[in-house]
Amino acid sequence: MRTKFVAGNWKMYKTPSEAESLAKDLKERFSKPGRADIVVCPPFTALDRVSRVLSGTQLRLGAQDMHWEDQGAFTGKVSHDMLKDIGVQYVIIGHSEQRTYFHETNETVCKKTRKALETGLVPIVCVGETLEQREANKTEAIVQSHIEGAFQGLAKDLALGAIVAYEPVWAIGTGKTATPAQAQEVHAFIRDLVKKLYDADFSQQLRILYGGSVKPGNAAELFGLPDVDGGLIGGASLKGEDFAGIVAAAN
Ligand code: PGA
């Protein structure tokens, strides 16, 4: 049985003070233990403050990106050690906004994924097609290239530490959610693909999240699908009430 997983991606929202308030609100809401793993991913500048608030709670901390080198002259970048030192355990890798606006490629996704796994962070590897690609019937080809790119050269034992998030780009921040049938189809495709890349055991263990306009109102249906193991939540993770509603669906 795969434990359900819900992560909130706060993107470039919330100053450290605002993030601290939201973290305090979440701490209250999630004071009782639940079944799902819950992670919040604030901006870099808020990680330390949120970490202090969430310390000792069931909520875990994630970052939205990291560099693949240990350290060096890489202006503007953040390393795995910097994240772990302040209590970060998860890191989003290859989000479509990184791919679209900041030149993230399958190659850099692979380097970051490997470094995260080798240094004890859990990468949440994002994959997904644009609307044009879906309409051109390229969904499976794109998702396959994202998955094969991310896991390139990674041995099973290492790769087992990763989580995958399927996020159709056309559903991110648009209010347009994939239908349950569309989501399940791609999730099953990914599970089948990793079975070929690794084996049946890997495929059964891998958690595959859905992301793209998940809301309290549609979360239960999506999370109830056989191959959907939770969600990566953007907009609806910025309000405690909405995020709690989504986590309730996972619990
Ligand atoms: P959304 O974003 O929930 O606002 O669509 C999801 C994501 O980008 O991770």
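The paragraphs below set out a description of the structure included in this document. All figures in this text were calculated on a predicted structure; none of them were measured in a lab.

**A short note on the overall build of the protein**
Helices and strands together make up the secondary structure of the protein, namely 12 helices and 8 strands. The C-alpha radius of gyration computed for the protein amounts to 17 Å, which stays within 12% of the reference 18 Å derived for 251 residues, consistent with globular compactness. Projecting the C-alpha coordinates of the protein onto the three principal axes gives extents of approximately 45 × 45 × 35 Å. Buried positions account for 53% of the 251 residues belonging to the protein.

**Re the site of the ligand**
Close to the ligand lie 13 residues; Lys11, His95, Glu167, Gly173 and Ser213 are nearest. Here an oxygen atom of the ligand sits 2.7 Å away from a polar atom, N or O, in the main chain of Ser213. Burial of the ligand by the surrounding chains reaches 96%, relative to a free accessible area of 280 Å². Placement of the ligand is best described as lying within the second largest pocket. Considered class by class, the residues forming the shell around the ligand number 4 nonpolar, 7 polar and 2 charged.

**Let's talk about the packing of aromatic side chains**
For the structure on display, the rule yields 7 aromatic pairs. An aromatic cluster of three or more residues is present, and its members are Phe151, Tyr198 and Phe202.

**Some words on unusual backbone geometry**
Its identity is not glycine, yet Lys11 carries a phi of approximately 50°, on the positive side. Relative to the helices and strands, Lys11 is located in the loop between strand S1 (5–9) and helix H1 (16–29). For Lys11, a relative accessible area of 17% puts it in the buried group. At His103, a residue that is not glycine, the phi angle is positive and equals roughly 60°. For His103, the location among the structural elements is in the loop between helix H4 (96–101) and helix H5 (106–118).

**Quick word on the nonpolar core**
Counting residues in hydrophobic clusters, the biggest one holds 67 residues, and the most contacted among them are Val50, Ile147, Phe151, Tyr210, Phe223 and Phe243. It is helix H9 (residues 180–197) that contributes the most residues to this core, 6 residues altogether. Setting aside its immediate chain neighbours within four residues, Phe223 contacts Lys4, Val6, Val214, Val228, Gly230, Gly231, Ile246, Ala249 and Ala250. Of all hydrophobic cores here, the second largest spans 13 residues; its members include Cys41, Tyr90, Val122 and Leu232.

**With respect to the pairing of strand S4 (residues 90–93)**
Every second residue of S4 is oriented toward a common face, with Tyr90 and Ile92 on one face and Val91 and Ile93 on the other, all of them buried. Inspection of the sheet shows strand S3 (residues 59–63) paired to S4 by 2 bridges, in the parallel sense. Each bridged residue has a counterpart across the sheet, and for Gly62 the counterpart in S4 is Tyr90. Between the parallel elements S3 and S4, the chain passes through helix H3 (residues 80–85) in a crossover that is right-handed.

**Points about empty space enclosed by the protein**
Tallying each qualifying case throughout the model produces 1 cavity of 30 Å³ or more. The computed volume of the largest cavity comes to approximately 40 Å³. In terms of lining, the largest cavity is formed by Gly94, Ser96, Arg99, Cys126, Val127, Gly128, His146 and Glu167. Broken down by class, the residue content of the lining of the largest cavity amounts to 2 nonpolar, 4 polar and 2 charged.

Conventions and cut-offs
Residues numbered from 1 in each chain as written. Predicted model: local features only at pLDDT ≥ 70, side-chain atom pairs only at ≥ 80, totals over all residues. Heavy atoms only, no water. Helix = DSSP H or I, 4+ residues; strand = E, 2+ residues; numbered from the N terminus. Rg over C-alpha atoms; globule rule 2.2 N^0.38 Å. Buried < 20%, exposed > 50% of the residue type's maximum accessible area, 1.4 Å probe, protein only. Near = heavy atom within 4 Å. Polar contact = N/O pair within 3.5 Å; in protein donor to acceptor, adjacent residues only side chain to side chain. Areas by Shrake-Rupley, 256 points an atom, 1.4 Å probe, with all protein chains shown as cover. 1 Å grid on protein atoms, 1.4 Å probe; cavity = no way out; pocket = protein on both sides within 12 Å on 5 of 7 lines; lining within 4 Å. Sits in = over half its atoms within 2 Å of the grid points. Nonpolar A, V, L, I, M, F, W, Y, C, P; charged D, E, K, R; others polar. Phe/Tyr/Trp six-rings, centres within 6.5 Å; stacked < 30°, edge-to-face > 60°. Core = buried A, V, L, I, M, F, W, Y, C linked by side-chain atoms within 4.5 Å. Contact = heavy atoms within 4.5 Å. Pairing = 2+ DSSP bridges. Right-handed = clockwise from strand over helix to strand, strands pointing away. Points joined across faces, edges and corners; volume = space filled by probe spheres on them.

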